[in-house]
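One-letter residues, chain by chain:
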Amino acid sequence: MGNNDVFIESGKIEILKDKNEIHFIEKLKIKNEYIVISADSAIYKNDVKIFNISGNLAEIISNSKKSPFAGRAKNIYLYDDNSIELSGDAYFENDGIKFKSSSIKFNQQNGQVLQ
């Protein structure tokens, strides 16, 4: 998730050293200076530095007043290059423009759609 601090709240956390993963289970909330995500669960894969967030439509909201955006999907992937991918019944809204797709990738700092 880039070089910024990430704050994670979860009902349960499991560290699986053999898989190099951290599992966040129940009532998940992830925040950084750009976004807030609410979901059921997540897996952080330390070897590839990717958060795989899932739930019955996980939600993401921008913290930015300059470039507000919001979205939801069955899975949200947070990548180390500050990009985010909404996957599975993805919905994304930015600057009054609404996107629906199986997959939407965007920059978490400004909400600019990448693909």
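What counts and how
Residues numbered from 1 in each chain as written. Predicted model: local features only at pLDDT ≥ 70, side-chain atom pairs only at ≥ 80, totals over all residues. Heavy atoms only, no water. Helix = DSSP H or I, 4+ residues; strand = E, 2+ residues; numbered from the N terminus. Rg over C-alpha atoms; globule rule 2.2 N^0.38 Å. Buried < 20%, exposed > 50% of the residue type's maximum accessible area, 1.4 Å probe, protein only. Contact = heavy atoms within 4.5 Å. Areas by Shrake-Rupley, 256 points an atom, 1.4 Å probe, with all protein chains shown as cover. Lys, Arg positive; Asp, Glu negative; His and termini not counted. Charge placed at Lys NZ, Arg CZ, Asp CG, Glu CD. Salt bridge = Lys/Arg side-chain N within 4 Å of Asp/Glu carboxyl O. Core = buried A, V, L, I, M, F, W, Y, C linked by side-chain atoms within 4.5 Å.

Enquirer: Would you mind showing me how to read the overall build of the chain here?
Expert: When helices and strands are counted, the chain shows zero helices and eight strands. Scanning the chain from its N terminus toward the C terminus, one meets helices and strands in the order β-β-β-β-β-β-β-β. Taken against the 2.2 N^0.38 rule, which gives 13 Å for 115 residues, the C-alpha radius of gyration of the chain at 13 Å falls within 12% of a compact globule. When the backbone C-alpha atoms are referred to their principal axes, the chain occupies close to 45 × 30 × 25 Å. Counting every position in the chain, which comprises 115 residues, the buried fraction comes to 38%. Contacts in the chain between residues at least 24 apart in sequence constitute 32% of all its contacts with a sequence separation of at least 6. Element-wise, carbon and sulfur atoms account for 45% of the exposed surface of the chain, whose accessible area totals about 6,800 Å². Charged side chains in the chain number 15 positive and 16 negative. The centres of these two groups are separated by 3 Å.

Enquirer: Where do I start with the pattern of salt bridges in this structure?
Expert: Side-chain pairs of opposite charge can arise where the charged atoms are in close proximity. Using the criterion set out here, one finds two salt bridges in the structure. Between Lys12 and Glu14 there is a salt bridge, with its nearest N and O atoms 3.4 Å apart. Judged by its relative accessible area of 41%, Lys12 is partly exposed. Among the ionic pairs, Asp89 bridges to Lys74, the shortest N-O distance being 3.4 Å. Taken as a pair, Asp89 in strand β7 (residues 83-94) and Lys74 in strand β6 (residues 69-78) lie far apart in primary sequence, 15 residues in all.

Enquirer: I keep staring at the environment of Ile43 and nothing clicks. Help me out?
Expert: In this structure, Ile43 sits in strand β4 (residues 35-45). Look at Ile43 and you get partly exposed, because its relative accessible area is 24%. As for Ile43 and Ser67, which are separated by 24 residues in sequence, their C-alpha atoms are 28 Å apart. Not counting the four nearest positions on each side in its chain, Ile43 is found in contact with Glu21, Ile22, His23, Ile50, Phe51 and Asn52.

Enquirer: I keep staring at the nonpolar core and nothing clicks. Help me out?
Expert: As a rule of thumb, soluble globular proteins bury nonpolar side chains together. Grouped together as the largest cluster of nonpolar side chains are 23 residues, with contacts concentrated most on Ile53, Ile76, Leu78 and Leu86. In this view, Ile53 contacts Leu28, Ile30, Ile37, Ala39, Ser41, Ala42, Ala58, Lys74, Asn75, Ile76 and Leu78; residues no more than four positions away in its chain are not counted.

In short, shape yes, function no, at least from these values alone.
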